[in-house]
Amino acid sequence: TIISCATTIRHGIADNETVTGSDWSARDLKEVADHMVNSITKSANSPGSELRQGKPRWILAKDLRNETDEHVNTRTIMEKVRTKLINDGIARFVDDQALNDILNQLKFQQSGLFDNKTLVQVGKLVGAKYILRGTISSIRKRSDRTDIIYYNITLQAVSIETGEIIWTDEKEVQRLTTKGLFR
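Nothing here was measured: the structure is a model prediction, and the numbers come from that model.

Engineer: Give me the lowdown on a nonpolar patch on the surface, citing residues and values where you can.
Structural biologist: The grouping of Leu-99, Ile-102, Leu-103 and Leu-125 at the surface amounts to a nonpolar patch, some 320 Å² of accessible area in total. With respect to the helices and strands, the residue Leu-99 is situated in helix H3 (residues 99-109). The class of Leu-99 is partly exposed, set by a relative accessible area of 35%.

Engineer: Go over the environment of Leu-119, please, and point to the residues and values.
Structural biologist: Mapped onto the secondary structure, Leu-119 falls in the loop between H3 and strand E3 (130-142). Leu-119 gets classed as partly exposed once you look at its relative accessible area, which sits at 22%. Separated by ten residues in the primary sequence, Leu-119 and Gln-109 have C-alpha atoms spaced 6.3 Å apart. Among all residues touching Leu-119, those that are not within four sequence positions of it are Gln-109, Gln-110 and Phe-114.

Engineer: Break down the pattern of salt bridges for me, citing the residues and quoting the values.
Structural biologist: A side chain with one charge may pair with a side chain of the opposite charge, provided their charged atoms come close. As enumerated under the stated definition, the model contains ten salt bridges in all. For Arg-27, the salt bridge is made with Glu-31, and the minimal N-O distance between the two is 3.4 Å. Of this pair, Arg-27 and Glu-31 are both found in helix H1 (residues 26-44), four residues apart, which corresponds to roughly one turn of the helix. For Arg-27, a relative accessible area of 27% puts it in the partly exposed group.

Engineer: Explain the sheet that holds strand E1 (residues 58-67) to me, and be specific about the residues and the numbers.
Structural biologist: The five strands are arranged E2-E1-E3-E4-E5 in an open sheet whose pairing can be described as mixed. Two strands lie at the open edges of the sheet, namely strand E2 (92-94) and strand E5 (165-178), each paired on one side alone. The sheet shows a mean angle of 30° between the axes of neighbouring strands, direction not considered. As judged from the three bridges shared by E1 and E2, these two strands associate in the parallel manner. Paired with Trp-58 across the bridge in E2 is Arg-92. Contacting E3, strand E4 (146-159) and E5, H1 crosses the sheet at an angle of about 155° to E5. Contacting E1, E2, E3 and E4, helix H2 (residues 74-87) crosses the sheet at an angle of about 155° to E1.

Engineer: Describe the pairing of E4, and please don't skip the residues or the numbers.
Structural biologist: With eleven of 14 residues buried, E4 is to be regarded as a mostly interior element. In this structure, E3 lies alongside E4, joined through 13 bridges in antiparallel fashion. Bridging across to E4, Lys-141 finds its partner in Ile-148. Where E3 folds back on E4, the antiparallel hairpin that results is connected by three residues.

Engineer: Give me the side chain of Ser-159: which residues, what numbers.
Structural biologist: Tracing the sequence through the fold places Ser-159 in strand E4. With residues up to four places along the chain from it excluded, the contact list for Ser-159 reads Glu-50, Lys-129, Tyr-130, Glu-164 and Ile-166.

Engineer: So, the pairing of E5: which residues are in play, and what are the values?
Structural biologist: In terms of strand pairing, E4 meets E5 through 13 bridges, oriented antiparallel. Along E5, the bridge assignment pairs Gln-156 with Thr-168. Between E4 and E5, which pair antiparallel in sequence order, lie five residues; one of them, Gly-163, sits at a positive phi of approximately 80°.

Engineer: Give a detailed account of the packing of aromatic side chains, specifying residues and quantitative values.
Structural biologist: Two aromatic rings, taken as a pair, are described by how far apart their centres are and by the angle between their planes. Scanning the model with the defined rule gives two aromatic pairs in all. With a centroid separation of 5.3 Å and an interplanar angle of 75°, the aromatic rings of Trp-24 and Tyr-151 are classed as edge-to-face. Within this pair, whereas Trp-24 is found in the segment before H1, its partner Tyr-151 is found in strand E4, the two being separated by 127 residues in sequence. According to the relative accessible area criterion, Tyr-151 is buried, its value standing at 0%. Here the aromatic rings of Phe-108 and Phe-114 are separated by 5.2 Å at their centres, their planes lie at 85°, and the arrangement is edge-to-face. With a relative accessible area of 43%, Phe-108 lands in the partly exposed category.

About the cut-offs
- Residues numbered from 1 in each chain as written.
- Predicted model: local features only at pLDDT ≥ 70, side-chain atom pairs only at ≥ 80, totals over all residues.
- Heavy atoms only, no water.
- Patch = residues over 30% accessible without salt bridge, like charges linked within 9 Å, V, L, I, M, F, W, Y side chains within 5 Å.
- Areas by Shrake-Rupley, 256 points an atom, 1.4 Å probe, with all protein chains shown as cover.
- Salt bridge = Lys/Arg side-chain N within 4 Å of Asp/Glu carboxyl O.
- Helix = DSSP H or I, 4+ residues; strand = E, 2+ residues; numbered from the N terminus.
- Buried < 20%, exposed > 50% of the residue type's maximum accessible area, 1.4 Å probe, protein only.
- Contact = heavy atoms within 4.5 Å.
- Pairing = 2+ DSSP bridges.
- Axes fitted to C-alpha atoms, helices over the stretch in contact; angles between N-to-C directions.
- Phe/Tyr/Trp six-rings, centres within 6.5 Å; stacked < 30°, edge-to-face > 60°.

Pasting the structure below:
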């Protein structure tokens, strides 16, 4: 008899297999991102929507505020939403994380070390028209054998010019896990 201690690795697992307890999962991330992108797309395609006017629509993505009792990588949620919106042609984004790198590179190119014909022209950065922001919060109820968690994820597109919320939506994720008697 041979006993193996080797680790088994499986690729391509289904979304429902990523849920192993009541905590935030990859399935939750996908459901929330899909819901928000569908909502923004519907708003951007509806007559009279501010998101429909003035293409291209520049949006500055920010992290979600995490008000849960666990670590949730909120940047991943925003990046998933941003990626789908860009790839679906719904919105364009100014990269908030690259801004310091861009400013440093512009300053470096103006140092006199570069050929003037190849310099990037200063003053061509594009300003954002909207800020995409939001919050993830949770309520958790625990007992000896059950763990109930309720997540609420809210996103808003806020006009930088007026401060108005021009789009908002929320997605709820609920989960109940029950522990066995001998656990």
